[in-house]
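Now for the letters of each chain:
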Amino acid sequence: MRAAVLHEIGQDKLEVLDDVEAVGFGPGKVKLRIRATGLCHSDVSAMSGVLPQPAPFIPGHEGAGEVIDIGDGVTGLAQGDRVLVCWLPACGACPSCRRGQTHLCLAGFMNAGTPNFKRPGGDVFGFAGTGTFTEEVVVGAGCAVPIPDDLPFDIAALIGCGVTTGLGAAINTAQVEAGSSVAVIGCGGVGISTIQGARVQGAAQIVAVDPVASRREAALRFGATEAVSPDGLADARQRITAGEGFDYVFEVVGKSVTARTAYENTRRGGTLCVVGAGAMDDNFQANMFELFFDEKRILPSMYGGGDVLRSYERAIALWRAGRIDLESMITHRVRLDGINDALDQMRTGESLRTCIEL
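Residues numbered from 1 in each chain as written. Predicted model: local features only at pLDDT ≥ 70, side-chain atom pairs only at ≥ 80, totals over all residues. Heavy atoms only, no water.

Moving on: the domain arrangement of the chain. As far as domains go, the chain holds domain 1 (3–161 + 306–357) and domain 2 (166–300). Its C-alpha centre places domain 1 at a distance of 27 Å from the equivalent point of domain 2. At the interface, 21 residues of domain 1 touch 22 residues of domain 2. The junction of domain 1 with domain 2 conceals about 1600 Å² of combined surface from both sides, 59% of it contributed by carbon and sulfur atoms. It is R314, M329 and L352 in domain 1 that bury the most area against domain 2; as a group they hold 32% of the surface buried on that side. For the interface between domain 1 and domain 2, the tally reads 0 salt bridges. (Domains from an automatic or database assignment. Contact = heavy atoms within 4.5 Å. Buried area = accessible area lost by both parts, 1.4 Å probe. Salt bridge = Lys/Arg side-chain N within 4 Å of Asp/Glu carboxyl O.)

Structure, rendered in structure tokens:
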């Protein structure tokens, strides 16, 4: 079986190998044939060590494909079912699940410490307990979510992470109000999805902020009312809000410096929504007086901040209705052998989302 493997954390290239085997199949598990998978910035962050992940590992967590085998005790799935990969399945029994915060369930993270692949040289992990840069993968049944026949695999893969994360940040977490002003810092795939979520919610002004010109141009196509480079944010704030600051600012980069910029450009009483996944040693700082005096809400958003199954259904409904554009988010397509070119395109900001077709 072919798969793209990172041998050591810190390497910037993946090696495509044909001696990988998906392991761990048994009760409660399903084996999937991956048909399409998206390249998410979290994959790059895991490769660099920003996000914790044991190695060697197969990146990828934004995938879709078909069920090729089901283990004992699995219900609701059958061979041949079309599914998307949910990298953070809810167990349904932990305190977070019982509170209705299924996106905070830790059961899926526990799987990340168990290898689900092997090679002649030893065990191989799958990123976030999945690992979709491969032809086949074994996951818990809760990771395989059935999709309707009219949803293409490439679109389903995006819904499995980036689209759900961005839409949910605007709709679930921040609950953007109609007529409000919004700034989105970072306009990759998740940022573009955040912009679309703010547009669906009826925001009057949506300012996209990104250093890459092609991403600023893309943001305008997806619903931003204007797009500026980082050094143009202060002028946009002055023109649009008379210097007060935006009602909602979304940080979709995952760095403390951009989170601080987002905080400073949020109006008093406004909402800063932190969407980007950053490093454990990168600390965001705010002084105690400004926290009290400005009363800005700081809302982290994990995987869209809501029940992921409901979020998937909503994304599909909005896509069917033409309210969000998911096809155009895929700016590049490659086969597995082209994965390192896709990584370079993401790092330079050339791509929004690359679909890897298997």
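In this section: the pattern of salt bridges. Enumeration over the complete set of coordinates arrives at 16 salt bridges. One salt bridge connects D150 with R320, and the closest N-O pair in it is separated by 2.8 Å. Of this pair, D150 sits in the loop between β11 (144–146) and α4 (153–159) while R320 is found in helix α11 (residues 308–320), placing the two residues 170 residues apart along the sequence. When its relative accessible area of 39% is taken as the criterion, D150 is described as partly exposed. Residues D235 and R239 are paired through a salt bridge, measuring 2.8 Å at the closest nitrogen-oxygen approach. Of this pair, D235 and R239 both sit in helix α8 (residues 233–241), 4 residues apart, which is roughly one turn of that helix. Relative accessible area serves as the criterion here: at 44%, D235 is assigned to the partly exposed category. Since its relative accessible area comes to 48%, R239 is described here as partly exposed. (Helix = DSSP H or I, 4+ residues; strand = E, 2+ residues; numbered from the N terminus. Buried < 20%, exposed > 50% of the residue type's maximum accessible area, 1.4 Å probe, protein only.)

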